[in-house]
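Chain by chain, the residues:
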Amino acid sequence: MKLIYEKSKPGRRASSLPQPGLPPAEVPEELRRSSPPRLPEISEPELVRHFTALADRTFGVDTGFYPLGSCTMKHNPRVNERVVGLPGFRDLHPLQEEDASQGALELMWRLQEILAEVVGLPAVSLQPAAGSQGELTGLLLMRAYFADRGEGHERREIVIPDTAHGTNPASVTMAGYEAVGVKTDFRGNVDLDDLREKVGPQTAGLMLTNPSTLGLFDEGIEEITKIFHEAGALMYYDGANLNAICGIARPGDFGFDIVHFNLHKTFSQPHGGGGPGGGPIAVRERLEPFLPVPAVVREGDAFRLDYERPKTIGKVRGFCGPFGVFVRSYAYIRSYGPALKEMSEVAVLNANYLLARLRDAYELPFDRHCMHEFVLSGRRLKREHGVTTLDVAKRLMDYRFHPPTIYFPLIVPEALMIEPTETEPKETLDAFADAMLAIAREAAEHSELLKEAPHVRPVKRLDEVRAAKRPILRYLFGEHDEPEGSDEPRELEAQKGA
Ligand SMILES: Cc1ncc(COP(=O)(O)O)c(C=O)c1O
């Protein structure tokens, strides 16, 4: 497929009307450009075809099943988009006076209250823009808390299980702490004997995902909390897997002091490809004074931004955080209302149904019921037929499914991490299970089919390392021919349509 610059022909135009009621931008004479920007010149029908063709090649949760473990790719209800597009939300400037933005402040305050209730912790900051930024913010709170108690120099370690998401150790290092690994036991829980040896007066805290990235709820959670709290350390809950337990169990009740939410997973929000996210954090009373400013507070019937927090760690993001994400998450939560628990129950049910259908064809490293996701191993297929988990993932694309997360968590060889979410019907789950079973048979009978997959996608196997490390994101004019006729002098002119 040609790039839009390669389709460009001088003089072709598409048009859009300016927003009514806005005064024309007044750019000072000396800042005005003297020649037109080198934008592609293309007619409206060609423009529409170009982007429709690109959209056709794109796989998303709106085009098919997307069981990407840990990423919680659920349906994004269209009503959320209607609500976030209401002019009062959409056109609000972040610097609008408080008097004129009471509705937005109230929505943020209400969201804070709901999130506090969901995790059982009293104080919330909506500011962080992603789970990973929530992690960093939580760790900076730990630092501020221990510094305030005069223990900052002594407590310099954070304990992290070997199943942790990569952002956990990265956040620990960024926050200036040392990461200390703890092993997983034969049932997929944190190994308590190993843990006891790792925790002491040097420990600032634990970072734990529960259910873990194995999709398993840690059976020793009460003991883990005891070990950390007896050592005077704090407990951090990575809430990326909160979709499994909403309305059923609350991290605050089982001892966690700081929690981050991934609004863009648990409470819907189109994401992926680095798309917009929200990573609020909730904390216990003793950590509240350190939360980022401004806090959204209620005074009688009015709402305002509070900057008067002398012990705050400061700001972690511009303005109040990613407001559009707040509106969508609020709409999603309110549409469930008191039945939010059903969201998690169905997510867990769907995952266990798929697990039951797939467990004999693929290896199950920890033989337990799962929560909202589960991890299989393709080790047997590799040993017996020379087929890898990557081959299975590529072949799934021929069956028109997005592959699950692969090779993570790191402790499971040839891992396949599958998360169906609550928004998928049984027919979709069955179609996916049928495809996975067919692929396991193909591995035994026609392994070359898997080795060369995908067969029916526009591109075959890419050099993924090169694509990640050296992506070409700009059209470099010097390396391409100038568009035909471009040496003609051109002027910016009124748009003429196609
Ligand atoms: C377990 C876990 N923790 C943390 C994160 C980081 O969240 P984010 O992608 O919002 O930065 C993820 C993201 O996939 C995750 O799965």
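Above: the structure in question.
Let me sum up the structure you'll find in this document. These numbers were taken from a predicted model, which means no experiment stands behind them.

A separate point is the overall build of the chain. A count of helical and extended segments in the chain gives 17 helices and 12 strands. Against the 2.2 N^0.38 benchmark of 23 Å for 498 residues, the chain shows a C-alpha radius of gyration of 26 Å, consistent with a compact globule. For the chain, the C-alpha atoms occupy an extent of roughly 75 × 70 × 45 Å along the three principal directions. Relative to its full complement of 498 residues, the chain shows a buried share of 49%. Across the chain, the fraction of contacts at a sequence separation of at least 24, relative to all contacts at a separation of at least 6, is 71%. Surface accessibility of the chain: about 25200 Å² in total, with carbon and sulfur atoms responsible for 54%. In the chain, the 59 positive side-chain charges and the 73 negative ones have mean positions that sit 3 Å from each other.

Two orientations exist for strands paired in a sheet by backbone hydrogen bonds: parallel and antiparallel. Strand order in this open sheet of 7 strands is 1-7-6-5-4-2-3, and the pairing throughout is mixed. Each end of this open sheet is capped by a strand with a single partner; those strands are strand 1 (123-125) and strand 3 (178-182). If you compare each strand with its neighbour and ignore which way they point, the axes differ by 25° on average. Relative to strand 5 (residues 234-239), strand 4 (residues 203-208) runs parallel, the two being bridged by 4 bridges. By the bridge assignment, M207 is partnered in strand 5 with Y236. Packed onto the sheet, helix 6 (residues 131-148) meets strand 2 (157-161), strand 4, strand 5, strand 6 (258-261) and strand 7 (281-283) and runs at close to 170° relative to strand 5.

Overall, antiparallel pairing links the 3 strands, which are arranged 10-12-11 in an open sheet. Only two strands of the sheet have a single partner each, and these edge strands are strand 10 (374-377) and strand 11 (405-406). When strand 10 meets strand 12 (residues 415-418), the two strands line up antiparallel, connected through 4 bridges. Across the sheet, residue L376 finds its bridge partner in strand 12, namely L416.

Glancing now at helix 12 (residues 340-358). Taking 1.5 Å as the rise per residue, helix 12 with 19 residues should run 27 Å; its terminal C-alpha atoms sit 28 Å apart, in good agreement. All of the buried residues in helix 12 are L340, M343, S344, A347, V348, N350, A351, N352, L354, L355 and L358. Here the buried face of helix 12 lies against helix 5 (102-119), helix 10 (263-266), helix 11 (323-336), strand 10, strand 12 and helix 15 (426-445).

Glancing now at the environment of D185. Within the element layout of this structure, D185 appears in the loop between strand 3 and helix 8 (192-198). In sequence terms D185 and F366 are 181 residues apart; their C-alpha atoms lie 9.9 Å from each other. The residues touching D185, leaving out its near neighbours within four places in the chain, are V190, D191 and F366. Only 2.9 Å separates the side chain of D185 from the backbone nitrogen of R187, close enough to count as a polar contact.

This paragraph deals with the site of the ligand. Close to the ligand lie S70, A130, G131, S132, E135, H165, T167, D238, A240, N262, H264 and K265, which account for all nearby residues. Contact between the ligand and S70: an oxygen atom at 2.5 Å from a side-chain N or O atom of the residue. Between the ligand and H165 there is a distance of 3.4 Å, counted from an oxygen atom to a side-chain nitrogen or oxygen. With the chains in place, 87% of the 380 Å² that the ligand exposes on its own is no longer accessible. The dominant element in the shell around the ligand, judged by the number of residues it contributes, is helix 6, at 3 residues. Residue composition of the shell around the ligand, by class: 2 nonpolar, 7 polar and 3 charged.

Cut-offs and rules
- Per chain, residue numbering runs from 1 following the sequence as it is written.
- Owing to the predicted nature of the model, reporting of local features is limited to residues with pLDDT of at least 70; listing and counting of side-chain atom pairs is limited to 80 or more, with chain, interface and lining totals taken over all residues.
- Calculation of side-chain values draws on the structure's entire complement of heavy atoms; hydrogens and water are dropped beforehand.
- A run of H or I in DSSP counts as a helix once it spans at least four residues, and a run of E counts as a strand once it spans at least two, with each numbered from the N terminus.
- The atom set for the radius of gyration is the C-alpha atoms, and the globule formula is 2.2 Å times the number of residues raised to the power 0.38.
- Residue burial is assigned from relative accessible area. The probe radius is 1.4 Å, only protein chains are included, and a residue is buried under 20% of its type maximum, exposed over 50%, and partly exposed in between.
- Contact between two residues is taken to exist if any of their heavy atoms lie within 4.5 Å; hydrogens are not considered.
- Reported accessibility uses the Shrake-Rupley method at a 1.4 Å probe radius. Residues are deemed covered only where the shown protein chains occlude them.
- When charges are counted, Lys and Arg are positive and Asp and Glu negative, with His and the chain ends excluded.
- Here the site of a charge means atom NZ of a Lys, CZ of an Arg, CG of an Asp or CD of a Glu.
- The rule for pairing is simple: two strands pair if DSSP sees at least two bridges between them.
- Interaxial angle, 0 to 180 degrees, is taken between N-to-C directions of lines fitted to C-alpha atoms, where a helix line uses only the stretch in contact.
- One less than the number of residues in a helix, times 1.5 Å, gives the span that helix is expected to have.
- Side-chain atoms alone can form a polar contact between residues adjacent in sequence; in general such a contact is a pair of N or O atoms within 3.5 Å, and within protein one must be able to donate a hydrogen while the other accepts it.
- Residue proximity to a molecule or strand is established when one non-hydrogen atom of the residue lies within 4 Å of it.
- Three classes are used, and their members are as follows: Ala, Val, Leu, Ile, Met, Phe, Trp, Tyr, Cys and Pro are nonpolar, Asp, Glu, Lys and Arg are charged, and the others, Gly among them, are polar.

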